[in-house]
Amino acid sequence: MRRTPLFIRGRFKGPSLQLCDLAALALRQSLEVPSRLLMGPGPSNAHPRVLAAQALPLLGHMHPHFFKIMDEIQGGLRYLFQTDSPYTLCISGTGHAGMEAVIANLLEPGDKIVVANNGIWGERVADMAGRFRAEVVQLRAPAGKTFSTGELKAALEEHKPAALFLVQGESSTGAHQALGDGLGAACRAAGALLIVDTVASLGGVPFLGDAWGVDAAYTGSQKCLSAPPGAAPLFLGPRAIEKLRGRGTKPATYNLDLNLIGDYWGWFGKRSYHHTGMVSMWYAMREALAIAGDEGLEAMWARHSQAHRDLWEGLRALGLEPFVEKDADRLITVNTIKVPPGIDFAALTAHAMANFSVEISGGLGPTAGKVWRVGLMGANATPASVQVVLAAFRAGLAAQGWKGAQAAPATA
Ligand SMILES: *Cc1c(COP(=O)(O)O)cnc(C)c1O
Ligand SMILES: *[C@@H]1O[C@H](CO)[C@@H](O)[C@H](O)[C@H]1NC(C)=O
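Residues numbered from 1 in each chain as written. Chains lettered and ligands numbered in written order. Predicted model: local features only at pLDDT ≥ 70, side-chain atom pairs only at ≥ 80, totals over all residues. Heavy atoms only, no water.

Section: the overall build of the protein chain
Our working rule: A run of H or I in DSSP becomes a helix once it reaches four residues, and a run of E becomes a strand once it reaches two; helices and strands are each numbered from the N terminus. Only the C-alpha atoms count toward the radius of gyration. The rule for a globule is 2.2 Å times the residue count to the power 0.38. For every residue, the accessible area (1.4 Å probe, protein chains only) is compared with the maximum for its type, and the residue is labelled buried under 20%, exposed over 50%, or partly exposed between those bounds. By the convention used here, residues are in contact when the closest approach between their heavy atoms is within 4.5 Å. Only the protein chains shown count as cover for residues, and all accessible areas are computed by the Shrake-Rupley method using a 1.4 Å probe. In summary, the charge assignment counts Lys and Arg as positive and Asp and Glu as negative, without counting His or the chain termini. The atom standing in for a charge is NZ when the residue is Lys, CZ when it is Arg, CG when it is Asp and CD when it is Glu.
Summing up its helical and strand segments, the protein chain has 13 helices and 14 strands in all. Computed over its C-alpha atoms, the radius of gyration of the protein chain comes to 23 Å, within 12% of the 22 Å expected for a compact globule of 412 residues. When burial is assessed residue by residue, the protein chain has 53% of its 412 residues classed as buried. Excluding contacts between residues fewer than 6 apart, the proportion of contacts in the protein chain whose partners are at least 24 apart in sequence is 71%. A total of about 18,100 Å² of accessible surface is found on the protein chain, and carbon and sulfur atoms cover 57% of it. Looking at charge distribution, the protein chain has the averaged site of its 38 positive side-chain charges lying 8 Å from that of its 34 negative ones.

Set out below in structure tokens:
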């Protein structure tokens, strides 16, 4: 049997030739991917219907049939963000691309932004905004804490910024930032845009874009929306659109220029090519939004909330405690669990993966080494997934000699 070489041979001598052969050999094996229950902070498992949608035939990114699919996505996003704004779209990229699009387009050089920084996401937005030459004021809170409306209002008054940035679901610390309570009105009164990161929260906890006076928000496909990573849905309200259209300078990014991407999504009338839309990814998003529509936001929120209660009932029975002190500050979708003294957090996550095929994560940024993070997002926010996580904790802790709840109060 003749085997066709996958790589050009003969040009390379010595070890590189051998490497090529090894690579060719590996690629001839069929692609095998183990099945994992992804209970970290993302990606979470995609819904089978979403994965199936991605296998549909490609369309051209400027075909009328494809534009219809894009229109349907925009309608679904209005529901998800709870906004009447016609200005919704998906950025081709992950949550970070949504973050960068919003920051790069809604701030001009010299504009001031107040970044509420209580974890890695505020940290990154502060970095990003600086790169786009904005003047960055950081409002800091310790990991696991959130900001009171009073504090935020005072910062608006003191700094008179062009924008205020908040993270609804701080997935590096497990904190949930409250957004209602007149914050939107205060931003309006101060002439500041209210920008919210909802990557780890949208679809899992209530978010009311218009009612809360949010001017711009973005999310990611792979967290509570049960799709693979690759799309960053966002919306801009009327004040954000006014800012975008009234800019004196072009955003310092061509790839993420929302005036141009908006044209592709039909925001301003005629459509024109900016980049090739991620055809199969948009099929996935349309299906994910259809699934969310079928279930309904309220039912989704209730399901996530139930999974969170089930998880903590089990974790507390094992003697584990939440990292976030205040009940009201606890994020439902990404749960941070204190690593008890004497327990090796990495050994537990390795044990869970090896013995249960379940992903449990360690901390990130300010919580690194201090917590485990368990995501309850999208299709994974179910009683069955929670039980697998609890079984993995039970076995993993027992393997390290943990005696359970009774052992917890004992001091060395
Ligand atoms: C995951 C996450 C992001 C980044 O999303 P990527 O898809 O990894 O780029 C941003 N913000 C929050 C709150 C997140 O949880
Ligand atoms: C899987 O579980 C067994 C039994 O607890 C344990 O001996 C083994 O170390 C575990 N695997 C890993 C990689 O932790």
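Now that the structure has been shown, the text picks up again.
Brief notes about the site of ligand 1
Applicable threshold: Each residue is tested against the molecule or strand, and it is near if at least one of its non-hydrogen atoms lies within 4 Å. Nitrogen and oxygen atoms within 3.5 Å of one another constitute a polar contact, given that in protein one can donate a hydrogen and the other can accept it, and given that sequence-neighbouring residues count only through two side-chain atoms. By the convention adopted, Pro, Cys, Tyr, Trp, Phe, Met, Ile, Leu, Val and Ala count as nonpolar, Lys, Arg, Asp and Glu as charged, and the other residues, Gly among them, as polar.
Taken together, 13 residues are adjacent to ligand 1, and Thr94, His96, Ser171, Gln222 and Lys223 come closest. Interatomic distance of 2.7 Å between a side-chain N/O atom of Gln222 and an oxygen atom of ligand 1. The fraction of the free accessible surface of ligand 1 (380 Å²) that becomes covered by protein chains is 90%. Taken together, the residues of the shell around ligand 1 break down into five nonpolar, six polar and two charged.

Section: the pairing of strand S4 (residues 135-140)
Let me state the cut-off plainly: The criterion for strand pairing is that DSSP finds at least two bridges linking the strands in question. Handedness rule for crossovers: strands pointing away from the viewer, path from the first strand over the helix to the second running clockwise, crossover right-handed.
Examined bridge by bridge, strand S3 (residues 112-117) and S4 share six bridges and lie parallel to one another. Counterpart to Lys112 in the pairing with S4 is Glu135. Running through helix H5 (residues 120-131), the crossover from S3 to the neighbouring parallel element S4 is right-handed.

Comments concerning the UniProt feature "binding site: substrate" (unreviewed entry) in the protein chain
Our working rule: UniProt positions are given in the numbering used here, feature names are shortened, and annotations may be inferred rather than shown by experiment.
The UniProt record marks Arg373 with the feature "binding site: substrate" (unreviewed entry), using the residue numbering of this structure. Looking at the secondary structure, you find Arg373 in strand S14 (residues 371-375). Only 2.9 Å separates the side chain of Arg373 from the backbone oxygen of Ser171, close enough to count as a polar contact.

Digging into the packing of aromatic side chains
Note the cut-off: Working definition: a ring pair exists when centres of Phe, Tyr or Trp rings (six-membered ring for Trp) sit within 6.5 Å. Plane angles under 30 degrees give stacked, over 60 give edge-to-face, the rest tilted. In this scheme, Lys NZ or Arg CZ marks a charge over a ring once it lies within 6 Å of the ring centre and within 35 degrees of the ring normal.
Overall, the coordinates contain ten aromatic pairs when judged by the stated rule. The interplanar angle of 80 degrees and the centroid separation of 5.4 Å between the aromatic rings of Tyr87 and Trp267 together place this pair among those described as edge-to-face. Of this pair, Tyr87 sits in the loop between helix H3 (64-81) and strand S2 (88-92) while Trp267 sits in the loop between helix H9 (258-264) and helix H10 (279-295), and the two are 180 residues apart along the sequence. Side by side, Tyr87 and Trp267 carry an identical accessibility label, which is buried. Between Phe207 and Trp212, the aromatic rings sit 5.8 Å apart at their centres with planes inclined by 80 degrees, giving edge-to-face as the arrangement. According to the relative accessible area criterion, Phe207 is buried, its value standing at 1%. Of the aromatic side chains, those joined through ring pairs into one cluster are Phe81, Phe207, Trp212 and Phe235. If you follow Arg245 out to its NZ or CZ, it ends over the ring of Phe268, 3.4 Å from the centre. The aromatic ring of Phe67 is capped on one face by Arg271, whose charged end is 4.3 Å from the ring centroid.

Some points on the sheet that holds strand S13 (residues 361-362)
Stated precisely, the cut-off is as follows: Axis definition: a line fit to C-alpha positions, over the contact stretch in the case of helices; interaxial angles, taken between N-to-C directions, run 0 to 180 degrees.
The sheet built from three strands is open, its strands ordered S11-S14-S13 with antiparallel pairing. Strand pairing shows two members of the sheet lacking a second neighbour, strand S11 (334-338) and S13, which therefore form its edges. Against the sheet, helix H11 (residues 297-317) makes contact with S11 and S14, and its axis sits at roughly 10 degrees relative to S11, the strand it touches most.

Here's the deal with the sheet that holds strand S10 (residues 231-236)
Pairing is mixed across the open sheet formed by seven strands, whose spatial order is S2-S10-S9-S8-S5-S3-S4. Both edges of this open sheet fall to S2 and S4, since each of them pairs with a single strand only. Taking each pair of neighbouring strands and ignoring which way they run, the sheet shows an average axis angle of 20 degrees. Where strand S9 (residues 216-218) meets S10, three bridges bridge the pair, whose relative direction is antiparallel. Bridging from a neighbouring strand, Tyr218 pairs with Leu234 of S10. Where H3 meets the sheet, its contacts fall on S2, S9 and S10, and the angle it forms with S2 comes to roughly 105 degrees.

Things to note about helix H8 (residues 238-245)
Going by this rule: Taking the helix axis as origin, the arc is that swept by the directions to the C-beta atoms.
Regarding H8, the residues found buried are Ala240, Ile241 and Leu244. Each buried residue of H8 sits inside an arc of 100 degrees when the element is viewed along its axis, so together they form one side. Exposed residues on H8 whose side chains face more than 90 degrees from its buried face are Pro238 and Glu242.

Remarks on the UniProt feature "domain: Aminotransferase class V" (unreviewed entry) in the protein chain
Within this numbering scheme, the UniProt entry marks residues 60-345 as carrying the feature "domain: Aminotransferase class V" (unreviewed entry). Helix and strand shares over residues 60-345 are 40% and 16% respectively, and the end C-alpha atoms of the span are 48 Å apart.

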